[in-house]
Amino acid sequence: MRPRRDHSVSSSTSSSSSYKPFSISRDNKQSSSSQQKAVRRVSYYKLAVLVFMAGQSRKWMILVATIWIQAFTGTNFDFSSYSSVLKSVLGISQVQLNYLATASDLGKVFGWSSGLALMYFPLWVVLFIAAFMGFVGYGLQWLVIRQIIVLPYFVMFLLCLLAGCSICWFNTVCFVLCIRNFPANQPLAISLTVSFNGVSAALYNLAADAIDSSSTTIYLILNAVIPLITSVAALIPILRQPSLDPLPPDGVRRDSVNFLFMNILAVLTGIYLLLFGSSSFDTATARVFLAGAIFLLIFPLCIPGIVYARDWFRRAVHSNIRIGGSGFILVDVDDLELHKELLTREPSINGNGSLSHLLVYNGASAQSLSFRNKSMECTGCCGTIVGKDQLAMLGEEHSARLLVRRLDFWLYYIAYFCGGTIGLVYSNNLGQIAQSLGQSSNTTTLVTLYSSFSFFGRLLSAVPDYIRAKFYFARTGWLTIALLPTPVAFILLAASSGTMALHAGTALIGLSSGFIFAAAVSITSELFGPNSVGVNHNILITNIPLGSLVYGFLAAIVYDANVSTGLSILASDTIVCMGRNCYFLTFVWWACISVLGLASSVLLFFRTRHAYDHFEHNRSTQLY
C-alpha cells in the first residue's frame, strides 16, 4: 500500500511538474498576444489621429484663405482716397457724389442674391462671380477716371452698385466657410476673419505707394485686380475642404487656443499696418513694408501646424511609454461612450454656435422667466417699453413676418442705423472732410486710421466669448458700450477742427463701428434664431444703404449750402467748400442721431438681459 501511495504521489508530482512548463508557455503566449493587440490598437489610434489632424489642418488653411479674402476685399474703405478726383473728372456736385457712395452701399440690399446663388452653384463659383463683378465694376470706373472712356452718370451709378454687391458676395462666401468648418467656434471664426476687412485700406495704401505713390486713380485698378488674384490664391484650400466630424471637448479647447494665438497675431498685424500703412513712402520703402504685411498674412498658416505637431508628439511619446510599461489600452470603452454622448450634445452647448436645443431647453423655466419678467414691470412709460413683449429666451426662430413685428428688432435696427451705419457714412466723406479743413494730404492717413481702428473694433467683438467663463455680460450690453465712442467723437469733431481732434475722432468712430459690424451676426443669431440668421441679418443691414442715403444727403446739403456763404474754390468746373462750417452742422446732427442710437441700445439691453442670464444659467448647468 505504501509504495503504491508513493507511486501515486510521485506520479502526481511528476504530472504536476510536467504540466508546469506548458502553463507558463501558454501564459506567455497570451501576454504576447494581448501586447500585440494593444500595439495594433495604438497604431490604428495613431493613424486615426493623423487623419484627424490632416483634416483639422485643412480647415485652418481655409480659415487663413478667408482672412486673405477679407483683407483684400474691403474695397469700399478707400472710396475717400479717390472720391475727390472722381468728383472732378465727372464734374458732379457733392449730392451726386453722395449718390455714388450710396450706390456702393446699396449693393448690400442685394446680398440675398449670394445666398440664392449658393443654392445652385458651388462655393468656388460664387467666389469667382464676386471677383468678376468687382473686376468689371471697378475696372470700368478706372477707365472713366483715367479719361480713356466716357460713360454717363447713370452707368457710373450702376457700376458702383455692382462693385458694392461684389463685397457682399465675398462676405457671404467667408461666412459660409466659417460656419461649415468651425461649427463649435462660429463667433470666434467670424469675428477674426471679418476683422481683417478693416486692414484693406492700409494694404491698398501700401500697394499704391509700392507701384505709383503720385497717383490716386491707381486705387480703382487695384480694387479690380487684387480681389481676383486673392480668389485664385484661395481656390486650392476651398476646393480641398475636409469632411469634418464633430469635435471632442479637447478638440474644441485646442481650437480656442489656436484662435487665441491667431488673434494675438492679428493684433500685431493691425499695429504693423497702423504704423506703416497710414503714411506715404517712396516706392522702395513701400515695397519692403508691403512684403512684411504679406508675410504677416501668410504666417497664420504655421500656428495650427505647430499646435497640432506639439499635440501629436506629446500623444506619441505618451502612448509609447504606456505601452512599454503596462500594455494599457489607451481608449477606454466607457470613456469613448461618454465622449460620444458629449459629441451628440456638443452643438447644443457651445455658447453662440447652434443654439436651438439649449436655448429652448426647459420650457417650465422659460415660463417662469416670462412670469418673472412680467412681475418686474414697473410703472411709467419706460417700464412699459422695457416690459412689453420681452424675449423669454434666446434662439427662438423668427420668420421675416414675425421679425418686423417685434419691438426688439426695431430697437436693434435703430441702434445699428444710428451707430455703425453713421460711422460708415463718415468714412465715405473723409476725403471731402479733410479737403474742407485744408488737410487733403492727410486723406490717406485718415482713411487708414479709420480702417485700422475698425479692424481693432472687430477683433474686440470676440472678447465676450473669451472672458465669459470669468465675466459674463449680455452681448446687447457690449453693443451699448461699443456705441459710446461715436457721440463723443462727433462732439469732439464739432468742437475742434484741429488735426489731433480729427485723428482722435476718426479713430473712435472706426473702433465703434468695427465692433458693431462684427458683433451684429452673433446678436442677430442669438435674438432671432440661428437658423434664420441669413434672412434676418440681410433685413437688418438694409439700414446701411438707407443710412448712407439719408446721412450722406444731409452732409451734402450742408456742404453745398456753405459753398456760397463760406470760402470756396473752383476746381475743374466743380466748386469745393473750404472751412470749418462745411461739416460743423453735420457733425452736430450726427452726434444727436448717435445719442438716439445709444438710447435705443440701452433699452434693448434692459429688454434682453434676462433672456441672456437665463441662457447662461442653462449653459453652465449643462456643461457642469
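Let us look at the structure shown here. Treat the numbers as computed from the prediction; the structure is a model and nothing was measured. (Residues numbered from 1 in each chain as written. Predicted model: local features only at pLDDT ≥ 70, side-chain atom pairs only at ≥ 80, totals over all residues. Heavy atoms only, no water.)

**What about the overall build of the chain?**
Link 1 in the chain: Regarding its fold elements, the chain presents 28 helices and two strands.
Link 2 in the chain: Sequence-distant contacts, at least 24 apart, represent 84% of the contacts inside the chain between residues at least 6 apart.
Link 3 in the chain: For the chain, the exposed area adds up to about 27,700 Å²; of that, 67% sits on carbon and sulfur atoms. (Helix = DSSP H or I, 4+ residues; strand = E, 2+ residues; numbered from the N terminus. Contact = heavy atoms within 4.5 Å. Areas by Shrake-Rupley, 256 points an atom, 1.4 Å probe, with all protein chains shown as cover.)

**Observations regarding the pattern of salt bridges**
Link 1 in the chain: Tallying each qualifying case throughout the model produces three salt bridges.
Link 2 in the chain: The partner of Arg607 in a salt bridge is Asp408, and the shortest N-O contact between them spans 2.7 Å. Here Arg607, found in helix α28 (residues 581-623), pairs with Asp408, found in helix α18 (residues 407-417); they are 199 residues apart in sequence, far enough to count as distant. The pair Arg607 / Asp408 is uniform in exposure class, with both members buried.
Link 3 in the chain: Two residues, Glu526 and Arg475, come together in a salt bridge whose shortest N-O distance is 3.0 Å. (Salt bridge = Lys/Arg side-chain N within 4 Å of Asp/Glu carboxyl O. Buried < 20%, exposed > 50% of the residue type's maximum accessible area, 1.4 Å probe, protein only.)

**Quick word on the packing of helix α23 (residues 475-483) against helix α24 (residues 485-495)**
Link 1 in the chain: Running from N to C, α23 and α24 point in directions that differ by 5°, and their axes come no closer than 5 Å. Between α23 and α24, the interaxial angle falls into the category roughly parallel. Where α23 approaches α24, its residues Ile481, Ala482 and Leu483 are matched on the opposing element by Pro485, Thr486 and Pro487.
Link 2 in the chain: Tallied by class, residues from the contact of α23 with α24 come to five nonpolar, one polar and no charged. (Axes fitted to C-alpha atoms, helices over the stretch in contact; angles between N-to-C directions. Parallel < 35°, antiparallel > 145°, perpendicular 65-115°, else oblique. Nonpolar A, V, L, I, M, F, W, Y, C, P; charged D, E, K, R; others polar.)

**With respect to the state of the cysteines**
Link 1 in the chain: For the structure on display, the rule yields zero disulfides.
Link 2 in the chain: Cys165 takes part in no disulfide bond, and the closest cysteine sulfur, belonging to Cys168, lies 6.5 Å away. (Disulfide = S-S within 2.5 Å.)

**Description of the environment of Gln390**
Link 1 in the chain: Along the polypeptide, Gln390 turns up in the loop between α16 (381-387) and α17 (400-403).
Link 2 in the chain: Taking relative accessible area as the criterion, Gln390 reaches 15% and is therefore assigned buried.
Link 3 in the chain: Residues Gln390 and Asp408, spaced 18 residues apart in sequence, show a C-alpha to C-alpha distance of 7.9 Å.

**Quick look at unusual backbone geometry**
Link 1 in the chain: One non-glycine residue, Gln147, lies in the positive phi region at around 60°.
Link 2 in the chain: With respect to the element layout, Gln147 can be found in the loop between α5 (123-145) and α6 (153-181).

**A word on the environment of Ala291**
Link 1 in the chain: Tracing the backbone shows Ala291 in helix α11 (residues 283-298).
Link 2 in the chain: In this structure Ala291 comes out as partly exposed when scored by relative accessible area, which is 46%.
Link 3 in the chain: Spatially, the C-alpha atoms of Ala291 and Leu206 are 9.5 Å apart, while their sequence positions differ by 85 residues.

**Examining the packing of helix α8 (residues 200-212) against α11**
Link 1 in the chain: Look at α8 against α11: their axes get within 8 Å of each other, and the N-to-C directions meet at 145°. As α8 packs across α11, the resulting crossing turns out to be left-handed. Each of Leu203, Leu206, Ala207, Asp209 and Ala210 in α8 lies in contact with α11, whose residues at this interface are Thr283, Ala286, Arg287, Phe289, Leu290, Ala293 and Leu297.
Link 2 in the chain: Taken together, the residues of the contact of α8 with α11 break down into nine nonpolar, one polar and two charged. (Left-handed = near helix turned anticlockwise from the far one by under 90°.)

**Some points on the packing of aromatic side chains**
Link 1 in the chain: Here the structure, examined in full by the defined rule, presents 27 aromatic pairs.
Link 2 in the chain: Taken together, a centroid distance of 5.0 Å and an interplanar angle of 65° make the contact between Trp60 and Phe182 edge-to-face. With Trp60 in helix α1 (residues 2-72) and Phe182 in the loop between α6 and α7 (186-195), this residue pair connects regions lying 122 residues apart in the sequence.
Link 3 in the chain: Taking the relative accessible area as the measure of exposure, Phe182 reaches 2% and is therefore buried.
Link 4 in the chain: Ring geometry for Phe196 versus Phe455: centroids 5.4 Å apart, planes at 70°, classification edge-to-face. (Phe/Tyr/Trp six-rings, centres within 6.5 Å; stacked < 30°, edge-to-face > 60°.)

**Overview of α8**
Link 1 in the chain: The end-to-end C-alpha separation of α8 is 18 Å, in line with the 18 Å expected for 13 residues at 1.5 Å each.
Link 2 in the chain: Burial of α8 is extensive: 11 of the 13 residues sit out of reach of the surface.
Link 3 in the chain: Within the span of α8, buried status applies to Ser200, Ala201, Ala202, Leu203, Tyr204, Asn205, Leu206, Ala207, Ala208, Asp209 and Ala210. (Expected span 1.5 Å × (residues − 1).)

**Structural notes on a nonpolar patch on the surface**
Link 1 in the chain: Judged by side-chain polarity, Val257, Leu260, Phe261, Ile264, Val267, Leu268, Ile271, Leu275 and Tyr466 come together as a nonpolar surface patch covering roughly 750 Å² of accessible area.
Link 2 in the chain: A per-element tally of the nonpolar patch places helix α10 (residues 249-276) first, with eight residues.
Link 3 in the chain: On the secondary structure map, Phe261 appears in helix α10. (Patch = residues over 30% accessible without salt bridge, like charges linked within 9 Å, V, L, I, M, F, W, Y side chains within 5 Å.)

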